[in-house]
Amino acid sequence: MKYHELDVKANPARKRVGRGIAAGQGKTAGRGTKGQKSRTGHRKMPATFMGGQKAFMQAVPKLKGFKSLATKAEVVYLDVIGTLSGDVDNFVLADKSMISSPYARVKVIMRGEITSKVNLKVQDASKSVITAIEKAGGSFEKTPIPMREKVTEEK
């Protein structure tokens, strides 16, 4: 059969069910026998209704609050950064295994003291850390999270 040979009617007449046995769809009108779906008004049940059994969404335990989709910053302490010197960024911290990945968000928190001159280039730091670094002769620069480079195939 080809596409142009199809015999398609614009508005086929709908089946009139439940009009007696002689009509072809009488008695149960194609709904089978007994049960909730054979009765009138069965479509008023919610889509999650499970036949009188507790619905799945009601059975699953709920947790308070909500789950934030924001990525948590990895924390690095100031005394740990004090062991380094020169320029310190995400890649240096990842090489020294202070953070899990150079593409993670980093925040430096105050703990201990710093004596070495460090030029810190990370995503965030507390105010006390910034003043401690500047007092030691270093500097702080807020930078965006480094993006991974796209791999392109060359032929």
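Model, not experiment: these values are computed from the prediction.

Conventions adopted
- Residues numbered from 1 in each chain as written.
- Predicted model: local features only at pLDDT ≥ 70, side-chain atom pairs only at ≥ 80, totals over all residues.
- Heavy atoms only, no water.
- Pairing = 2+ DSSP bridges.
- Helix = DSSP H or I, 4+ residues; strand = E, 2+ residues; numbered from the N terminus.
- Phe/Tyr/Trp six-rings, centres within 6.5 Å; stacked < 30°, edge-to-face > 60°.
- Buried < 20%, exposed > 50% of the residue type's maximum accessible area, 1.4 Å probe, protein only.

Participant: Would you explain the sheet that holds strand β1 (residues 74–77) in this entry?
Facilitator: The pairing of strands in a sheet happens through backbone hydrogen bonds and is either parallel or antiparallel. Pairing is parallel across the open sheet formed by 3 strands, whose spatial order is β1-β3-β5. At either margin of the open sheet sits one strand with a lone partner, and together these are β1 and β5 (124–125). Note that strand β3 (residues 106–109) and β5 share 2 bridges and pair parallel. Among the inter-strand pairings, V108 is bridged to a residue of β5, identified as A125.

Participant: What is the right way to look at the packing of aromatic side chains in this model?
Facilitator: Each aromatic ring pair is specified by the distance between its two centres and by the angle formed by the two planes. In the structure shown here, the tally under the stated rule is 1 aromatic pair. Centre to centre, the rings of F91 and Y103 are 5.9 Å apart; their planes meet at 90°, and the pair counts as edge-to-face. Of the two residues, F91 sits in helix α3 (residues 90–95) while Y103 sits in the loop between α3 and β3, which places them 12 residues apart along the sequence. Judged by relative accessible area, which is 38%, F91 ranks as partly exposed. A residue is classified by how much of its surface remains accessible, and Y103, at 29% relative accessible area, is partly exposed.

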